[in-house]
Amino acid sequence: MQYTRKGILFIISGPSGVGKGTIKKAVLPGVGALLESISATTRQPRGHEVNGREYFFLTPGEFSNWIQQDKFIEWANVYSNMYGTPREFVLKNLEQGHDVLLEIDIQGALQVKATMPEGVFIFIAPPSIEDLVDRLCNRDQDSPESIAARLAASEEEMTFMPQYDYVVVNDNLEDAVDRTRAIIMAERCKISNMKMGG
Ligand code: ADP
Ligand code: 5GP
């Protein structure tokens, strides 16, 4: 008996500051082959970021061209910058049986859900609004206005949780990482994700 699998698309999503990036980084080393999709964005690189590693940094004009050329699976304006998931990398790898991970905002995840409902949608939720406030402030990355906008958006964003397949409450980081890893492992064992031959 030969067991092979289709590539699985995993989507980690949730409100800004909830810990998506932190969980993604911690999950990756322990889950075997899981390819990270590199998004395109119009925002400026931060200190250590390298074009083509964290993001493809595009000008607004370049980003519009990519949209026109249908190069994105999804794209969204996230707090005044454009972000999008390049289509070719994702589709090519899924076709070849490789699992792919997206870490994107909620608007983007809902677009992916509309076109690729077979993806595994994981909602990262804050333990409380107070924790979300603390994390956004402690991250020391956004202005008070920007933090206020993220908190305001988070209220509506939470209402989309029922459209996801899983929720991971990011209380204790290690536990949240373990649960995310468990979801990934379980999905890989699903019979419906297998192709069985000879
Ligand atoms: P996101 O990618 O969702 O915007 P980040 O991964 O940047 O969020 O996390 C926001 C802040 O919260 C960071 O400073 C991070 O270190 C912190 N953080 C993440 N997870 C936890 C956790 N479980 N407990 C406490 N702080 C956390
Ligand atoms: P940051 O600029 O801090 O790296 O990311 C800001 C937000 O944009 C995060 O919520 C992140 O998940 C989201 N994001 C990153 N890449 C994409 C993408 O390709 N599409 C969408 N819709 N959101 C993205």
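The coordinates are above.
These lines cover the structure that appears in this document, whether it is placed above or below. This is a predicted model, so every value here is computed, not measured.

**Details of the site of ligand 2**
At step 1: The full set close to ligand 2 counts 16 residues, and Ser39, Arg43, Tyr55, Tyr83 and Glu103 are the nearest of them.
At step 2: Side-chain polar atom of Arg43 to an oxygen atom of ligand 2: 2.6 Å apart, as the coordinates give it.
At step 3: Taking Gly84, its main chain carries an N or O atom lying 3.2 Å from an oxygen atom of ligand 2.
At step 4: Coverage of ligand 2 by the protein chains reaches 91% of its 510 Å² of free accessible surface.
At step 5: Counting only elements with at least two residues in the shell around ligand 2, the list comes to strand 6 (72-78) and strand 7 (81-86).
At step 6: Residue classes in the shell around ligand 2 are distributed as five nonpolar, five polar and six charged.

**Concerning the site of ligand 1**
At step 1: Around ligand 1 lies a shell of 13 residues, among which Gly17, Lys20, Thr22, Arg139 and Asn170 are the nearest.
At step 2: Taking Thr22, its side chain carries an N or O atom lying 2.5 Å from an oxygen atom of ligand 1.
At step 3: In the complex, 72% of the free accessible area of ligand 1, which totals 570 Å², lies under the protein chains.
At step 4: Those elements that place two or more of their residues in the shell around ligand 1 are helix 1 (20-27) and helix 5 (129-139).
At step 5: Ranked by the residues each element gives to the shell around ligand 1, the list is headed by helix 1, at three residues.
At step 6: Here the shell around ligand 1 is built from residues that sort into three nonpolar, six polar and four charged.

**A few points about the environment of Ser64**
At step 1: Mapped onto the elements, Ser64 comes out in helix 2 (residues 60-68).
At step 2: Looking at Ser64, the relative accessible area reads 34%, which means it is partly exposed.
At step 3: With 18 residues separating them along the chain, Ser64 and Met82 place their C-alpha atoms 9.5 Å apart.

**Quick notes on the packing of helix 1 against helix 7 (residues 173-189)**
At step 1: The contact between helix 1 and helix 7 brings their axes to 9 Å, and the two run at 65 degrees. By crossing handedness, the relation of helix 1 to helix 7 is classed as right-handed. Between helix 1 and helix 7, the contacting residues are Thr22, Ile23, Ala26 and Val27 on the first element and Leu173, Ala176, Val177, Thr180, Arg181 and Ile184 on the second.
At step 2: Considered class by class, the residues forming the contact of helix 1 with helix 7 number seven nonpolar, two polar and one charged.

**Some points on the sheet that holds strand 5 (residues 55-57)**
At step 1: Taken in spatial order, the four strands make up an open sheet running 5-4-7-6, and their pairing is mixed. Here the strands that pair on one side only, and so sit at the sheet edges, are strand 5 and strand 6. Going from strand to strand, the sheet's axes swing by 25 degrees on average, the running direction of each strand aside.
At step 2: Alignment of strand 6 against strand 7, held across six bridges, turns out to be antiparallel. Paired with Trp75 across the strands is Gly84, a residue of strand 7.
At step 3: Sheet strands touched by helix 2: strand 4 (39-41), strand 5, strand 6 and strand 7. Its angle to strand 6, the strand with the most contacts, is close to 140 degrees.

**With respect to the sheet that holds strand 10 (residues 166-169)**
Sheets are built from strands paired through backbone hydrogen bonds, the pairs being either parallel or antiparallel.
At step 1: Read across the sheet, five strands follow the order 3-8-2-9-10 without closing on themselves; strand pairing throughout is parallel. Where the open sheet ends on each side, the last strands, each with one partner, are strand 3 (35-36) and strand 10.
At step 2: The pairing of strand 2 (residues 9-13) with strand 8 (residues 100-103) spans four bridges and is parallel. Looking across to strand 8, one finds that Phe10 is bridged to Leu101.
At step 3: Running at roughly 160 degrees to strand 8, helix 1 makes contact with strand 2, strand 3, strand 8 and strand 9 (120-125) of the sheet.

Each value, and the rule that gives it
- Residues numbered from 1 in each chain as written.
- Chains lettered and ligands numbered in written order.
- Predicted model: local features only at pLDDT ≥ 70, side-chain atom pairs only at ≥ 80, totals over all residues.
- Heavy atoms only, no water.
- Near = heavy atom within 4 Å.
- Polar contact = N/O pair within 3.5 Å; in protein donor to acceptor, adjacent residues only side chain to side chain.
- Areas by Shrake-Rupley, 256 points an atom, 1.4 Å probe, with all protein chains shown as cover.
- Helix = DSSP H or I, 4+ residues; strand = E, 2+ residues; numbered from the N terminus.
- Nonpolar A, V, L, I, M, F, W, Y, C, P; charged D, E, K, R; others polar.
- Buried < 20%, exposed > 50% of the residue type's maximum accessible area, 1.4 Å probe, protein only.
- Axes fitted to C-alpha atoms, helices over the stretch in contact; angles between N-to-C directions.
- Left-handed = near helix turned anticlockwise from the far one by under 90°.
- Contact = heavy atoms within 4.5 Å.
- Pairing = 2+ DSSP bridges.

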